[in-house]
Amino acid sequence: MLYWHPFTAQAHGKLMQSLNTYRAGPDERGHFGIFGGRYVAETLMPLILDVERSYAAAKADPAFEAEFRQLLAQYVGRPNPLYHARRLTEAFGGAKIFLKREDLNHTGAHKINNCIGQILLARRMGKKRIIAETGAGQHGVATATVCALFGMDCVIYMGATDIERQQPNVYRMKLLGAEVRPVQSGAATLKDAMNDALRDWVTNVHDTYYLIGTVAGPHPYPAMVRDFQSVIGDEVRAQILAQEGRLPDSLVACIGGGSNAMGLFHPFLDETGVRIIGVEAAGHGLDKAHAASLSGGRPGVLHGNRTYLLQDNDGQIAEAHSISAGLDYPGIGPEHAWLHETGRVEYVSVTDTEAVEAFQRCTRLEGIIPALESSHAIAYAGKIAASLPADHLMVISLSGRGDKDVATIARALGDIHLGGLV
Amino acid sequence: MSRIETRFQDLKAEGRAALVTFITAGDPDIATCQSILDRLPAAGADLIELGMPFTDPMADGPSIQLAAQRALAAGASLAATLEMVAAFRKTDNSTPIVLMGYYNPIHTWGAERFAVDAARAGVDGLVIVDLPPEEADELVPHLRAVGLDFIVLTTPTTDDVRLPAVLANASGFVYYVSIAGVTGTASASESAIEEAVSRIRRHTSLPICVGFGIRTPAQAAGVARLAEGAVVGSAIVQAIADTIGTPATVTAPLALVEELAAGVRAARR
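Residues numbered from 1 in each chain as written. Chains lettered and ligands numbered in written order. Predicted model: local features only at pLDDT ≥ 70, side-chain atom pairs only at ≥ 80, totals over all residues. Heavy atoms only, no water.

1. Details of the sheet that holds strand β9 (residues 229-232) of chain B
The pairing of strands in a sheet comes from backbone hydrogen bonds and takes either a parallel or an antiparallel form.
Right, on to step 1. Strand order in the open sheet formed by nine strands is β5-β4-β3-β2-β1-β9-β8-β7-β6 (chain B), with parallel pairing between adjacent strands. Among the strands making up the open sheet, the edge pair consists of β5 (149-150) and β6 (152-154) of chain B. (Pairing = 2+ DSSP bridges. Helix = DSSP H or I, 4+ residues; strand = E, 2+ residues; numbered from the N terminus.)

2. Describing the interface of chain B and chain A
Right, on to step 1. Every contact between the two is made by 41 residues of chain B and, on the other side, 39 residues of chain A.
Right, on to step 2. Interface of chain B and chain A: buried area, both sides summed, is about 3200 Å²; carbon and sulfur atoms make up 52% of it.
Right, on to step 3. Remark: the boundary between chain B and chain A carries three salt bridges.
Right, on to step 4. Put simply, Arg306 of chain A and Glu138 of chain B hold a salt bridge, and the shortest N to O gap is 2.8 Å.
Right, on to step 5. Our enumeration of links across chain B and chain A arrives at 23 residue pairs in polar contact (both at pLDDT 80 or more). (Contact = heavy atoms within 4.5 Å. Buried area = accessible area lost by both parts, 1.4 Å probe. Salt bridge = Lys/Arg side-chain N within 4 Å of Asp/Glu carboxyl O. Polar contact = N/O pair within 3.5 Å; in protein donor to acceptor, adjacent residues only side chain to side chain.)

3. Thoughts on the packing of helix α3 (residues 62-76) of chain A against helix α5 (residues 111-124) of chain A
Residue and element names in this part refer to chain A.
Right, on to step 1. It is at 10 Å that the axes of α3 and α5 come closest, and there the two elements cross at 140°. By the angle between their axes, α3 is oblique relative to α5. Judged by the twist between their axes, the crossing of α3 over α5 is right-handed. Here Phe64, Glu67, Phe68, Leu71, Leu72, Tyr75 and Val76 of α3 come into contact with α5, specifically with Ile112, Asn113, Ile116, Gly117, Leu120, Leu121, Arg123 and Arg124.
Right, on to step 2. Among the residues forming the contact of α3 with α5, the class breakdown is 10 nonpolar, two polar and three charged. (Axes fitted to C-alpha atoms, helices over the stretch in contact; angles between N-to-C directions. Parallel < 35°, antiparallel > 145°, perpendicular 65-115°, else oblique. Left-handed = near helix turned anticlockwise from the far one by under 90°. Nonpolar A, V, L, I, M, F, W, Y, C, P; charged D, E, K, R; others polar.)

4. A look at the sheet that holds strand β10 (residues 275-283) of chain A
Residues and elements named next belong to chain A.
Right, on to step 1. Here six strands make up an open sheet; going across it, the order is β3-β4-β14-β9-β10-β13 and the pairing mixed. Here the strands that pair on one side only, and so sit at the sheet edges, are β3 (82-84) and β13 (346-351). Strand-to-strand twist of the sheet, defined as the mean angle between neighbouring strand axes without regard to direction, takes the value 30°.
Right, on to step 2. Summarising the sheet, strand β4 (residues 96-101) and strand β14 (residues 393-398) pair through six bridges and their orientation is parallel. Bridge assignment links Lys96 to a residue of β14, and that residue is Leu393.

So far we have only geometry, and geometry alone does not tell us how the molecule works.
Structure follows, in structure tokens:
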């Protein structure tokens, strides 16, 4: 029997680079270099293997692809615009800024792209019951939406803390017919919601499909979610060629688990002239409570994969903190961990305060209310744009809209500026 | 011969199954847990599973989740777990101890170094919930090198096609998880357990212990008639939880173990 071995996996990572591609991963065992894999309870293994086989068959089926593309066009509203943000460009005072408008998708974020793909797979596998975890509620809403569309039962696990700060999305999920189960364990955020979703799955393994919302979890999820989200980068490539006649000079996206970032980045990984930047949540600061797994963590095993994790010296998982519920997770997708170690993608971080400032700036200057998650990407773009020439084409992933965040922002501004007015 | 092998051989000669008891290391605090651990053999535990507390026990129900939280809040760690085993070994050199838990703390320690340190402390085997055969090779050779057993989990979803691959790594005994679910919730019927055990037996000659959902002496006795061991965890952990802050924190779980042991011993095979 073949077994994975760290040294052969590292050799494989080198092989992928020596073939001049960063896009060949994962290997047949689900590893990106030493990252990824399938670290799940035995009860789930047969089902994980079934998901892998079913996804491989679906990928090879033109009818599956056609239905996916049709739903993206007619239901999600793709392609969404690549918008030249003139006033942000002017305010930043350097690079020419483009916003990829995932906020204009049906349900208001990039999450729906992946949900369309996975619900088609779940239906193909004959599953009738869908479970999902959610942090900000965007993935929960997108999952509840596709379950309504396909007539499937839907249970969403959401941390009690996140339910508190994302009330509008909780109610949207309920309106869509989903059951929202509050999770009280740990810090009651995204990590804990994922634990309870896994507990549900192991209990209802015979009829339930786990619709994971990001490029994490056991193989094949990181690769599958990436594939479904790659529509973002594929569209950006076509749009910028049409609008500017050439590829972008840089890409910037926020990262919690990292699905909007991976969707934007992956089609450009082998374009070595494109600078690629992932922005993690630095929370109160990297020396305080934060959610920046690459900047402040080290490799470990959680939720089915080996990746960078926030953890203590005993291997206990640390609580993450971000003002943005969607980034409030102590891990990151394994392919990002690999791209970090290979150096192909730069990973940086932005604090809560910087993200809130960027949120206000984008709202006031462009009339676009960005998600707090996406505001991290805008904030970092604002830090570097001035040092770049006017002909530098920078694409920022505007991964979602910020309506869900208005209460959080009101509280933050109440603290910072308004002296308790709100 | 290993302690696990010796123990199952002796029990076979006695004509009975093993009572395997689970507690979480450091629950409710390290000193109290040591008192419970040290008295488990006298109360009738034939093998001991000692849970390595972890912040994110994805395969555990509420009882064992809370036990891990209590232990970690009381300062438990993987190092403290090994120290507890070493202390236990000062008075008991025959009762096998198997550590059960999740991979990340071991990954952090370093698999090779942990195997050496665990063996030195007097550990006999490991059960790692989130290390299926697809990933087990990063740990198993290090365990083999120091004579530790890798106890594999088989489940109702492990079919005949998959069983040989799962059992390829197995030594010590096979742990059959009798339900698809988390610890301390549902229970399987005796007929379902009987069918599963006979299916696993076609693929291995190792002893088979059955766990998940076994709470009462009658249930333990039922399993003891079908397999080489019955594993009880959540019920014992709950007996600790229900008596925290009283002297019964030590005596209540031990009293339950005595009842369970009586059930298992009455069920001659």
